[in-house]
Amino acid sequence: MKRFLLLTVLVSVLISCSAKKQIETAISHGNYDQAISEALRKLENNKDKNRKQDYIVMLEDAYYKVLEEDLNNVAHLKKDGNPEQYKTIYNIYLDLEERQNAIKRVLPLKINGKELQLEFNDYSSEIVDYRYKTSEYLIGQGITLLDSGDKFNARKAHGIFSYIEQINPNFEENRSLIAEAHEAGMDYVHVSIQNQTHQIIPQQLETELVDFNTYGLNQFWTTYHANANNSIDYDFAMQLQLKQINVSPERINERQILRQKQIVDGWKYQLDRNGNVKKDSLGNDIKIDKIITVKARFTEVLQTKSAQVVADIIYTDLKQNQVIDAFSIDSGFVFENIFGTYRGDKRALVRDDINLLNQRQLRFPSDEQMVYDTGEDLKLKLKDIIGSYNIRRS
């Protein structure tokens with residue numbers, strides 16, 4: 001037991017030395033916040049223990065070094081006077097306040113019995129001031145980008161306005177600018193179906209294939225319209241070109257299997273060589289199972305009918321009037337039904353045979369229904385393509 005305790009203490013000491021070394025290295029490399037974070041983690045529990053004194057000393061050292069560094073940076077950036085630096089200054093003040101609050105959560109701390117007195121400042125006025133300056137400057141940048149009439153600039157503007165909303169909710173007319181930028185940066189895609197198969201497709205299928213409201217596939221910067229809106233200048237077109245519709249004949253395939261099994265069919269008296277009934281030790285008649293062989297001819301019936309729809313998806317840039325991408329889709333649907341019949345003794349059948357006897361022959365679906373059911377698979381594949389496709393990836 002003593003040996004185990006000694007080993008435990010040794011491991012604990014080694015871990016502690018390693019942690020202190022990591023903090024010292026972080027400080028020496030100028031990674032002060034990393035050092036503060038590690039020291040605070042070590043001081044979460046048992047902070048008054050003697051072995052924690054070194055962490056308090058390193059915490060103080062890292063804090064004053066990063067404080068000096070941040071305040072010098074702020075002074076330099078303010079002296080530079082460049083509005084581009086407002087956001088940087090604002091973030092530094094946020095860091096200063098957040099760092100102080102993190103340290104306050106472990107106070108009070110003592111070094112050699114004396115309470116540690118760290119210099120804390122109130123940065124609330126500076127945070128409010130530079131939050132306003134940052135918002136004011138960035139909103140001007142965003143408006144300039146939005147007024148350019150370029151979709152990509154509108155998307156950049158949307159990012160700027162969204163950041164302003166995050167730090168300064170409803171600053172001036174920022175929320176309306178977010179909506180305006182979203183609208184200006186939107187790509188509108190007109191979706192249509194072209195039936196090149198010279199066959200009639202179910203009207204319901206055609207309607208559902210372009211019903212993108214049910215798909216839920218409109219992306220943040222892309223909206224699909226099946227019904228063209230005359231007030232919208234569409235950027236792209238997506239056409240689903242149906243190339244082939246193949247429906248197989250109705251097929252019934254039969255497979256016959258001869259089943260044969262020995263079963264117990266009642267009982268009979270066991271006779272001796274003279275034809276007399278044998279007796280057991282108590283004088284009772286001995287009965288034995290009567291084994292018979294039963295036979296049946298089982299017929300497995302398979303109904304099948306299949307349909308296939310082959311289509312192309314064509315993306316066209318309407319502004320450049322050129323095809324930008326194309327995909328092929330091959331969708332299928334198979335109707336299949338299995339049931340069974342038999343002739344002979346049912347007792348000869350196996351469990352799977354009995355299960356098929358409980359099934360029944362079904363009416364084959366119509367060609368129209370087969371095509372519609374194939375369209376369900378087509379919709380899923382179409383959904384996958386639209387969901388993963390970035391129309392402006394190039």
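What counts, and where the lines are drawn
Residues numbered from 1 in each chain as written. Predicted model: local features only at pLDDT ≥ 70, side-chain atom pairs only at ≥ 80, totals over all residues. Heavy atoms only, no water. Salt bridge = Lys/Arg side-chain N within 4 Å of Asp/Glu carboxyl O. Helix = DSSP H or I, 4+ residues; strand = E, 2+ residues; numbered from the N terminus. Buried < 20%, exposed > 50% of the residue type's maximum accessible area, 1.4 Å probe, protein only. Phe/Tyr/Trp six-rings, centres within 6.5 Å; stacked < 30°, edge-to-face > 60°. Lys NZ or Arg CZ within 6 Å of the ring centre and 35° of its normal.

Asks: Please provide a residue-by-residue account of the pattern of salt bridges, values included.
Replies: Enumeration according to the criterion identifies 21 salt bridges in this entry. The shortest N-O distance in the salt bridge between Lys 20 and Asp 54 comes to 3.0 Å. With a gap of 34 residues between them, Lys 20 in helix 1 (residues 2–28) and Asp 54 in helix 3 (residues 53–80) connect regions that are remote in the sequence. By relative accessible area, Lys 20 is classed as buried at 17%. Under the relative-accessibility criterion, Asp 54 is labelled partly exposed at 40%.

Asks: Give a description of unusual backbone geometry that names residues and reports values.
Replies: Omega for the peptide link from Leu 107 to Pro 108 comes to 0°, which places this bond in the cis form. Relative to the helices and strands, Pro 108 resides in the loop between helix 4 (86–104) and strand 1 (110–111). A positive phi angle is found at Glu 172, which is not glycine, with a value near 45°. Here Glu 172 shows up in the loop between helix 6 (151–167) and helix 7 (174–185). Overall, Glu 172 belongs to the partly exposed group, its relative accessible area being 43%. Positive phi is not limited to glycine here, since His 198 has a value of about 60°. Among the structural elements, His 198 can be located in the loop between strand 3 (187–195) and helix 8 (203–209).

Asks: Explain the packing of aromatic side chains to me, and be specific about the residues and the numbers.
Replies: Tallying each qualifying case throughout the model produces twelve aromatic pairs. Taking 4.3 Å as the distance between ring centres and 25° as the angle between the ring planes, the aromatic pair formed by Tyr 315 and Tyr 389 counts as stacked. Note that Tyr 315 is positioned in strand 7 (residues 287–317) and Tyr 389 in the segment after helix 11 (367–388), a separation of 74 residues in sequence. Tyr 389 gets classed as buried once you look at its relative accessible area, which sits at 7%. Over the ring of Tyr 55 we find Lys 20, and its NZ or CZ is 5.7 Å from the ring centre.

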